[in-house]
Amino acid sequence: MNGIDHEGHLVNLLEYGEEKKNGEGKEKRFLFLTDLPVTKKNVRGTAEAGRWRWKIENEGFNTQKNYGYCLEHMYSRLYQGMKNHYYLIQIGHMIAQVMEAWESLWKKVKQSREQKHRRILESWKQDKLKEYTQEIERGFQIRFG
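Residues numbered from 1 in each chain as written. Predicted model: local features only at pLDDT ≥ 70, side-chain atom pairs only at ≥ 80, totals over all residues. Heavy atoms only, no water.

Glancing now at the overall build of the protein chain. Counting its secondary structure elements, the protein chain contains five helices and three strands. Listing every helix and strand of the protein chain by position from the N terminus yields β-β-β-α-α-α-α-α. A burial count over the protein chain gives 18% of its 145 residues as buried. The contacts of the protein chain with a sequence gap of at least 6 include a subset with a gap of at least 24, amounting to 31%. For the protein chain, the accessible area works out to roughly 12,900 Å², and carbon and sulfur atoms hold 54% of it. (Helix = DSSP H or I, 4+ residues; strand = E, 2+ residues; numbered from the N terminus. Buried < 20%, exposed > 50% of the residue type's maximum accessible area, 1.4 Å probe, protein only. Contact = heavy atoms within 4.5 Å. Areas by Shrake-Rupley, 256 points an atom, 1.4 Å probe, with all protein chains shown as cover.)

A separate point is a nonpolar patch on the surface. Residues Leu88, Ile91, Met94, Ile95, Leu121 and Trp124 make up a contiguous nonpolar surface patch of about 600 Å² in total accessible area. For the nonpolar patch, the secondary-structure elements that each account for two or more residues are α2 (79–101) and α4 (113–126). When residues in the nonpolar patch are grouped by element, the largest group, four residues, is from α2. Relative to the helices and strands, Leu121 is located in helix α4. (Patch = residues over 30% accessible without salt bridge, like charges linked within 9 Å, V, L, I, M, F, W, Y side chains within 5 Å. Salt bridge = Lys/Arg side-chain N within 4 Å of Asp/Glu carboxyl O.)

Right, let's get into the packing of aromatic side chains. As enumerated under the stated definition, the model contains two aromatic pairs in all. A cation sits over an aromatic face here: Arg51 above Phe30, 3.8 Å from the ring centre. (Phe/Tyr/Trp six-rings, centres within 6.5 Å; stacked < 30°, edge-to-face > 60°. Lys NZ or Arg CZ within 6 Å of the ring centre and 35° of its normal.)

Next comes the structure, spelled out in structure tokens:
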């Protein structure tokens, strides 16, 4: 369906279903909301792109929740604090993905992903920035609202 008015914005809806394979499992139904026009020519590509995007986002959230990023812990009750914390998680996850892409560098290190992440975190805790050595030695806390 094209041209659906939602709060003054025109959006398009695409419904996509995957049939049961060999009569097993449940039929899956997906709905995609987009500002791209949906036509007979692009409906399959749009649905496939939507599924890939969902898969990438879902895998990223799963990693951030279950592999040492503490996504589920709420470090602030203020929106801006939560947003800042999530941006830092995203940055950390991106760094980890780059490092994992360099698998040849890690072949000699026989550790799990989480062990590698902890090792990197510990090295950052031990290495002090020369400019801020006095502040770090005094001790400080960062609180998000």
